[in-house]
Amino acid sequence: MTRARGFFMVLGCLVLGSAIALDAFAEDSGEIPLPGSEVMPMAAFADRVEDAGGRVDFVFEDDRPFAQCHASTIAQAADGTLVTAWFGGTREKNPDVGIWLSRLEGGEWTDPVEVAKIPDARTGETAPHWNPVLFRPEGDALYLFFKVGPEISHWQQFWMRSEDHGQTWTEPVELVPGDEGGRGPVRSKPIILSDGSWFVGSSTEQQGWRPFADRSTDGGETWTRSDDFELDVEGLLIRGAIQPAVWESQPGHLHALMRTNGGVAVRADSTDFGDTWTPLYRTDLPNNNSGFDIEPLGDDRLILFYNPVGANWGARFPLSLAVSHDNGETWRIFAHVEDDLTEGNEFSYPAIVRTEQGFALSYTWQRQRIRAWHIPFALMDELTAEEAE
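Residue numbers run consecutively from 1 along every chain, following the written order of its sequence. For a predicted model such as this one, the threshold for reporting local features is a pLDDT of at least 70, and the threshold for listing and counting side-chain atom pairs is 80 or more; totals across whole chains, interfaces and linings nevertheless cover every residue. Hydrogens and waters are ignored; side-chain quantities use all the structure's heavy atoms.

A. Expanded view of the layout of surface pockets. If you add up the space inside the largest pocket, you get close to 730 Å³. Both site types are read off a 1 Å grid over the protein atoms alone. A 1.4 Å probe that fits but cannot get out defines a cavity, while an open set with protein on both sides within 12 Å along at least five of seven lines defines a pocket; lining residues have an atom within 4 Å of a point. I191, I192, E295, P296 and R354 are, among the 30 residues lining the largest pocket, the residues nearest its centre. We count a stretch as a helix when DSSP gives it H or I for four or more residues in a row; a strand needs E for two or more, and each element gets its number in order from the N terminus. Residue assignment for the lining of the largest pocket shows that the elements contributing at least two residues are β4 (68-76), β9 (129-135), β13 (191-192), β17 (241-250), β21 (293-296) and β25 (347-354). Grid points are joined across faces, edges and corners, and a volume is the space filled by probe spheres set on the points.

B. How the structure looks around helix α4 (residues 377-384). Burial here depends on accessible area, computed with a 1.4 Å probe over protein chains only, as a share of the maximum for the residue type. Under 20% is buried, over 50% is exposed, and the range in between is partly exposed. Those residues of α4 not exposed but buried are L379, M380, L383 and T384. Taken around the axis of α4, the buried residues stretch over an arc of 115°, which confines them to a single face. Here, the arc refers to the directions that run from the helix axis to the C-beta atoms.

C. Local environment of the environment of H165. When you line up the elements, H165 lands in the loop between β11 (156-162) and β12 (173-174). As a C-alpha pair, H165 and D140 span 25 residues in sequence and 7.4 Å in three-dimensional space. Excluding anything up to four places from it in sequence, H165 contacts A77, A78, D79, V83, R103 and L142. Contacts between residues were defined by any pair of non-hydrogen atoms, one from each residue, lying within 4.5 Å.

D. Empty space enclosed by the protein, seen in detail. Considering all chains together, one arrives at four cavities of 30 Å³ or more under this definition. Quantified by volume, the largest cavity comes out at close to 70 Å³. Residues belonging to the lining of the largest cavity are distributed by class as follows: five nonpolar, three polar and three charged. Gly is placed with the polar residues, together with every amino acid not listed as nonpolar (Ala, Val, Leu, Ile, Met, Phe, Trp, Tyr, Cys and Pro) or charged (Asp, Glu, Lys and Arg).

E. Structural context of the sheet that holds strand β24 (residues 332-338). Across the sheet, which stays open at both edges, the four strands sit in the order β21-β22-β23-β24 with antiparallel pairing between neighbours. Each having just a single partner strand, β21 and β24 make up the two edges of the open sheet. Pairs of neighbouring strands in the sheet enclose a mean axial angle of 20°, with direction left out of account. Criterion used throughout: strands pair if DSSP finds at least two bridges between them. Of the pairings in the sheet, the one linking strand β22 (residues 302-306) to strand β23 (residues 319-324) comprises five bridges and is antiparallel in character. In the sheet register, L302 faces β23, and the bridge partner there is S324. Note on method: axes are straight lines fitted to C-alpha atoms, helices fitted across the in-contact stretch only, with angles between N-to-C directions ranging 0 to 180 degrees. The strands touched by helix α2 (residues 42-51) are β23 and β24; relative to β24, the strand with the most contacts, the crossing angle is about 90°. Taken strand by strand, α4 contacts β22, β23 and β24, and its axis lies near 135° from that of β24.

F. Representation of the packing of α2 against α4 in the model. For the pair α2 and α4, the least separation of the axes is 9 Å and the interaxial angle reads 135°. Put simply, α2 runs oblique to α4. In this structure, α2 crosses over α4, and the sense of that crossing is right-handed. Counting all contacts with α2, which are made through F45, R48 and V49, the residues of α4 involved are L379, E382 and L383. Taken together, the residues that form the contact of α2 with α4 break down as four nonpolar, no polar and two charged. Relative orientations are named as follows: roughly parallel for angles under 35 degrees, roughly antiparallel for angles over 145 degrees, roughly perpendicular for angles from 65 to 115 degrees, and oblique for any other angle. Helix crossings are classified by the rotation of the near helix relative to the far one: an anticlockwise turn of less than a right angle makes the crossing left-handed, while a clockwise turn makes it right-handed.

G. Representation of the packing of aromatic side chains in the model. Each aromatic pair joins two rings of Phe, Tyr and Trp (for Trp, the six-membered one) with centres within 6.5 Å, and gets the label stacked for planes under 30 degrees apart, edge-to-face for over 60, and tilted for any other angle. Under the criterion given, the structure shown has 19 aromatic pairs. Each ring, one from F60 and one from F66, has its centre 5.3 Å from the other, and the planes form 85°; the classification is edge-to-face. On the basis of relative accessibility, which here comes to 6%, the residue F60 falls in the buried class. Both rings, one in F145 and one in W159, keep their centres 5.6 Å apart while their planes meet at 15°; by these two values the pair is stacked. Here W159 lies in strand β11 and F145 lies in strand β10 (residues 142-148), a separation of 14 residues in the sequence. Across the pair, exposure class does not vary: F145 and W159 are buried alike. In this structure an aromatic cluster arises from ring pairing among F135, Y143, F145, W159, W198 and W223.

Keep in mind these numbers describe shape, not what the thing actually does.
Pasting the structure below:
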């Protein structure tokens with residue numbers, strides 16, 4: 001079935017209010033979720049954001065210095081400046097791909113600057129760069145993590161630090177010397193736990209897809225790796241899970257949602273600050289085998305930024321925001337950030353982070369641009385309130 005036909009058919013799809021449930025195990029079905037009638041369309045949402053004093057921007061236009069871009073990340077520097085980074089080059093996995101960055105200065109995004117392009121530490125050869133992650137803990141420092149290597153299975157994690165809000169950076173150093181396959185942030189940002197430690201979900205793609213967690217108690221200088229999360233491939237009807245997005249619901253109680261190839265996200269939980277985890281279990285949250293991100297609102301609410309599509313390598317559209325009031329057990333889509341359902345579109349790899357004024361979002365737009373939103377807190381609070389359901 002083509003995606004175009006899938007748009008007009010409801011095979012395996014049930015719309016409950018504005019929540020979308022899809023066949024969790026559809027392999028390459030191409031089904032596209034129909035927007036719920038109570039979900040705010042992208043155009044109306046953009047108007048609300050701008051009317052509330054927020055922003056909706058392309059970080060750069062078509063005169064970019066690279067053919068393709070992907071996997072953006074966003075953070076707010078200590079002086080309030082929004083900073084976003086992504087990888088760009090001829091195409092993903094090409095040796096010319098490097099890490100690029102832009103800052104929002106005086107109401108305009110600066111021209112993209114390549115801030116990281118280093119050789120493979122093992123061979124000295126030019127190698128593609130992957131999946132940058134910006135992170136600002138307390139204080140003035142802003143950190144940038146990224147991966148280097150010709151293959152995901154053996155890439156190595158590097159990091160840099162900026163003390164001037166992303167204008168200049170230290171030389172890249174390997175996060176965990178000698179590691180191959182991935183330590184530290186694989187895609188989603190770290191979080192700061194209630195005990196002050198840095199914590200991040202990670203994964204490897206060597207002998208299958210295997211998620212785990214990394215924790216640092218000394219400001220990122222050293223990292224302690226958890227065991228791989230227990231994974232019953234046959235019971236879960238998936239081949240593995242990667243790219244955990246994590247949050248802490250109460251001190252020491254951590255949760256991770258993960259991307260899979262089974263049409264749904266899987267989850268694991270910890271009650272000991274991430275030292276041990278429950279076995280992975282299925283959720284009802286659709287997943288298209290693409291990344292997503294989560295950010296707490298500051299009370300019992302969680303904001304999820306994702307493609308609500310339940311098919312392996314399913315469409316990377318629409319791109320939507322959902323809220324949970326029950327610690328991620330159920331989700332309600334309240335707005336579409338992109339809702340053009342034209343076959344072949346790609347709005348993917350979203351990132352969301354809390355700022356002093358609200359929430360900053362960034363994502364891949366057709367692999368040609370990076371789009372960024374800044375949503376004021378009052379508007380996000382209004383749209384995600386329980387009485388708004």
